[in-house]
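Topology and contacts: notes
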Amino acid sequence: MVKKDLFDAFDGFSQNLMLTLADVEAMKKQVQALVEENARLRLENTKLRQYFEEVEKGKTRTSKETRDTLLGIYQDGFHVCKDFYGQRRDNDGDCLWCDEQLERA
Ligand SMILES: [Zn+2]
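What you are looking at is a predicted structure, and each value in this text was computed from that prediction instead of being measured.

All right, on to the coordination of the zinc ion then. Protein coordination at the zinc ion comes from H79 (ND1), C81 (SG), C95 (SG) and C98 (SG), with a distance range of 2.1 to 2.3 Å. Coordination at the zinc ion is tetrahedral, judged from the four donor atoms that bind it and the angles of 102 to 117 degrees they form at the metal. As a motif over one chain, the donors of the zinc ion read H-x1-C-x13-C-x2-C. Both residues of the pair, C95 and C98, belong to the buried class.

This is the structure we're talking about:
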């Protein structure tokens with residue numbers, strides 16, 4: 001291999017490394033966003049479990065914070081009803097059980 005070919009090969013290798021580094025940085029940001037979302041969802045999950053426990057114990061009144069959390073999750077496109085809790089609502093369509101749950105909250 002002549003010197004020019006060798007340097008061309010290094011340039012190509014260097015370019016690939018730069019592109020790979022950019023990909024890794026982008027993936028790192030995506031993972032960070034997912035970790036943050038996961039933490040938020042775990043927090044909401046805890047609140048919702050508390051809410052369902054209160055409902056099962058027959059308590060009809062819940063805190064405004066819990067009600068707001070439920071409504072926020074519903075508006076984000078997820079079920080808040082007990083049967084489908086946490087699952088994505090198809091095409092953000094209405095769910096009668098969720099509506100009932102939100103009315104009771
Ligand atoms: Zn539902």
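The full count for this structure, using the stated rule, is two salt bridges. With a closest N to O distance of 2.9 Å, K4 and D8 form a salt bridge. Remark: D8 and K4 occur in helix α1 (residues 3-56); sequence separation between them is four residues, near one turn of the helix. Owing to a relative accessible area of 39%, D8 belongs among the partly exposed residues under this scheme. A salt bridge links E25 to K28; the nearest nitrogen and oxygen atoms lie 3.7 Å apart. Residue E25 and its partner K28 are both found in helix α1; the two are separated by three residues, about one turn of the helix. Taking relative accessible area as the criterion, E25 reaches 36% and is therefore assigned partly exposed. K28 gets classed as exposed once you look at its relative accessible area, which sits at 53%.

So, on to the packing of aromatic side chains. The final tally for this structure, using the stated rule, is one aromatic pair. For R88, the ring lying beneath its charged end belongs to F78, and the centroid distance is 4.9 Å. Sitting over the face of the ring of Y74, R89 holds its NZ or CZ atom 3.8 Å from the ring centroid.

Reading the values: rules and limits
- Residues numbered from 1 in each chain as written.
- Predicted model: local features only at pLDDT ≥ 70, side-chain atom pairs only at ≥ 80, totals over all residues.
- Heavy atoms only, no water.
- Donors = N, O, S within 2.8 Å, 3.2 Å for Na, K, Ca; no water.
- Tetrahedral: all angles 85-135°; square planar, octahedral: opposite > 155°, others 65-115°.
- Buried < 20%, exposed > 50% of the residue type's maximum accessible area, 1.4 Å probe, protein only.
- Salt bridge = Lys/Arg side-chain N within 4 Å of Asp/Glu carboxyl O.
- Helix = DSSP H or I, 4+ residues; strand = E, 2+ residues; numbered from the N terminus.
- Phe/Tyr/Trp six-rings, centres within 6.5 Å; stacked < 30°, edge-to-face > 60°.
- Lys NZ or Arg CZ within 6 Å of the ring centre and 35° of its normal.

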